[in-house]
Amino acid sequence: MTLVQRIRDCRICEKDLPLGPRPIIKLHPDAKILIAGQAPGSRVHKTGVPFDDPSGDLPPLKICATTWRQEAIDYLKNVQLTLVIGQYAQAWHLDATKKNLTDTVRAWKDYGESVLPLPHPSPRNNIWLAKNRWFEKELIPVLRTRIRKLI
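Our subject in this report is the structure included herewith. The structure displayed is predicted, hence computed values, not measured ones.

Moving on, we come to the packing of aromatic side chains. Tallied over the full model, the rule gives three aromatic pairs. A centroid spacing of 6.0 Å and a plane angle of 75 degrees characterise the contact between Trp128 and Trp134, whose relative ring orientation is edge-to-face. Judged by centre distance (5.5 Å) and plane angle (75 degrees), the ring pair of Trp128 and Phe135 falls under edge-to-face.

All right, on to the pattern of salt bridges then. Enumeration according to the criterion identifies five salt bridges in this entry. A salt bridge links Arg6 to Glu71; its shortest N-O distance comes to 2.9 Å. Note that Arg6 is positioned in helix H1 (residues 3-9) and Glu71 in helix H3 (residues 62-75), a separation of 65 residues in sequence. The class for Arg6 is partly exposed, based on a relative accessible area of 31%. In this structure, Lys109 engages Glu138 in a salt bridge whose closest nitrogen and oxygen atoms are separated by 4.0 Å. On the criterion of sequence distance, the pair formed by Lys109 in the loop between helix H5 (101-106) and strand S3 (115-118) and Glu138 in helix H7 (residues 133-150) is long-range, its members being 29 residues apart. Using a relative accessible area of 58% as the deciding quantity, one classes Lys109 as exposed.

Thresholds applied
Residues numbered from 1 in each chain as written. Predicted model: local features only at pLDDT ≥ 70, side-chain atom pairs only at ≥ 80, totals over all residues. Heavy atoms only, no water. Phe/Tyr/Trp six-rings, centres within 6.5 Å; stacked < 30°, edge-to-face > 60°. Salt bridge = Lys/Arg side-chain N within 4 Å of Asp/Glu carboxyl O. Helix = DSSP H or I, 4+ residues; strand = E, 2+ residues; numbered from the N terminus. Buried < 20%, exposed > 50% of the residue type's maximum accessible area, 1.4 Å probe, protein only.

Take a look at the structure:
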């Protein structure tokens, strides 16, 4: 059984989730980019399409991350860029976060060439994007450049 299938078949958190477990995960051993997100909302849970939901700003259960995260990261031996999306993913994946998501994303240069902290791409964050115009002017061009180099 593949790692993805083992993760998708896992039921250790079943009693704690009202909709039941449905890990939304894609892994390829040659991947150069890791997109680390957070718990999916109900639409993503239903469709299985990552980031296809205006909600979902919840932390994933710790048991899931502690059970599967390291094995999944070890499987991805070619990752050169990690996109850490949302405050919960940032808290888990970054050695040091700032006092809030805005400050963490604003400090993106502090995390080196291989990591970019980003806000969640939810429509609910349109207000955040409007208040933080520097994100589109400063960080998005860097994101595009780093991705172009890898694909």
